[in-house]
Structure formats: C-alpha cells, structure tokens
Amino acid sequence: MEKGIVSNASSLIFLAKLDVLKLAKNMFSRIFIPKEVLDEIFEKNKAENSLIQREVGGFLVVNAVQNVKDFPIDVGERAAISLCLEKNIKKFLSDDKRARNYARNLDIEVIGVLGILLWNLQANKINKKECLDLVNKLIEKGYYMSSDLYSELLTLINSTEN
C-alpha cells in the first residue's frame, strides 16, 4: 500500500459518485487535499458529498497550502499540485488533462480514477465484470472518455488475469 497521495476535486467526486472510495483505500493510506479542493467539492450540494464528508479527518486529510503556485490551471488543481510540492508527495490523483501534464512536468506521478479501478482489478480486489460495470457507470455519471481510450481500457480489462 502506498503512503499517501494528493487529490483534486473531480477524482474524489467521481469515486464518491461510484461509491468506491474503498478502492482508493486499497491503494493509499491517506488522501491529502488542500482546503481549496474541499471548498470546490462542497460548493454544490450533491448526494456524493456525504460520502466524502464522512472521510474528512480520517482517510481524507485536509491541509492548508502555504504557497499556491501560479500555474494556468483551475484553483483546486493549482493548490493540489502546490501541496504535492510543499509536502514532497510524489503522487497526484487527477483526471484533469492539463493538471496531469503540469504535475508530470514537475516529476509528480499521476493516477486517475481509471488507474485506481485497474489497480484493484490487477490486485484481485474486483473482478473483470465489476471493473467494466464501474467504467460504464463512470461514463453514465458524466466522466468523459474518448472511444479510443474506452477501447484501450476494454483490452486492458480483458487481458488481465483475474
């Protein structure tokens, strides 16, 4: 199990929409989030917020960022990457393409919701059918995925020994 990871809002929201925060717990001991990300999550009153709120102070650790870098990305992503740099946490949970690119350029390893699903599949925490069902449910919940990525994901799922 990895020690910890810093997350932005959208990845946590999608994990909560699927009700699979437990799959992130299989991988990480903690998810660190800046206050800006927490504010972004609770900006709108959504059903999944209660699942996230239950984890705050336990699995989800809220941190104040001392020096938010001025990257040309959204506030939550800026704060999350800045928290990675301040705390020397080399893992970033994000599904935002621009934020992922900035993090990689700073030598921060990036994983998204799909990576968490695949890791759990490969670790035999979920089976192929469960993984595929979660991917399809993710899309139903508004997660954008190109047809090429979906096809590649199907190949990965089907080729997994499970």
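Everything below is about the structure shown above.
Quantities reported herein were computed from a predicted structural model and do not represent experimental measurements.

**Remarks on helix H1 (residues 9-17)**
Line of reasoning, step 1. Most of H1 sits out of view: seven of its nine residues are buried.
Line of reasoning, step 2. Where H1 ends, the next residue or the one after it, Asp19, has phi of about 60°, a positive value.

**As for the packing of helix H8 (residues 128-140) against helix H9 (residues 147-159)**
Line of reasoning, step 1. The geometry of H8 relative to H9 is characterised by a closest axis approach of 10 Å and an angle of 165° between their N-to-C directions. As the angle between them shows, H8 and H9 are arranged roughly antiparallel. The element H8 and its partner H9 pack so that their crossing is right-handed. Across the interface between the two elements, Lys128, Cys131, Leu132, Val135, Asn136 and Ile139 of H8 pack against Tyr150, Leu153, Leu154, Ile157 and Asn158 of H9.
Line of reasoning, step 2. When its residues are assigned to classes, the contact of H8 with H9 shows eight nonpolar, two polar and one charged.

**Here's the deal with the packing of H1 against helix H3 (residues 35-42)**
Line of reasoning, step 1. Their axes nearest at 9 Å, the elements H1 and H3 cross at an angle of 50°. Regarding the angle of H1 to H3, the classification is oblique. In terms of crossing hand, the pair formed by H1 and H3 is right-handed. Contacts from Ala9, Leu12 and Ile13 in H1 reach Val37, Glu40 and Ile41 in H3.
Line of reasoning, step 2. A class-by-class count of the residues in the contact of H1 with H3 yields five nonpolar, no polar and one charged.

**Some details on the environment of Asp74**
Line of reasoning, step 1. Position of Asp74 among the secondary structure elements: in the loop between strand E3 (60-63) and helix H5 (75-87).
Line of reasoning, step 2. Spatially, the C-alpha atoms of Asp74 and Cys131 are 30 Å apart, while their sequence positions differ by 57 residues.

Cut-offs applied
Residues numbered from 1 in each chain as written. Predicted model: local features only at pLDDT ≥ 70, side-chain atom pairs only at ≥ 80, totals over all residues. Heavy atoms only, no water. Buried < 20%, exposed > 50% of the residue type's maximum accessible area, 1.4 Å probe, protein only. Helix = DSSP H or I, 4+ residues; strand = E, 2+ residues; numbered from the N terminus. Axes fitted to C-alpha atoms, helices over the stretch in contact; angles between N-to-C directions. Parallel < 35°, antiparallel > 145°, perpendicular 65-115°, else oblique. Left-handed = near helix turned anticlockwise from the far one by under 90°. Contact = heavy atoms within 4.5 Å. Nonpolar A, V, L, I, M, F, W, Y, C, P; charged D, E, K, R; others polar.

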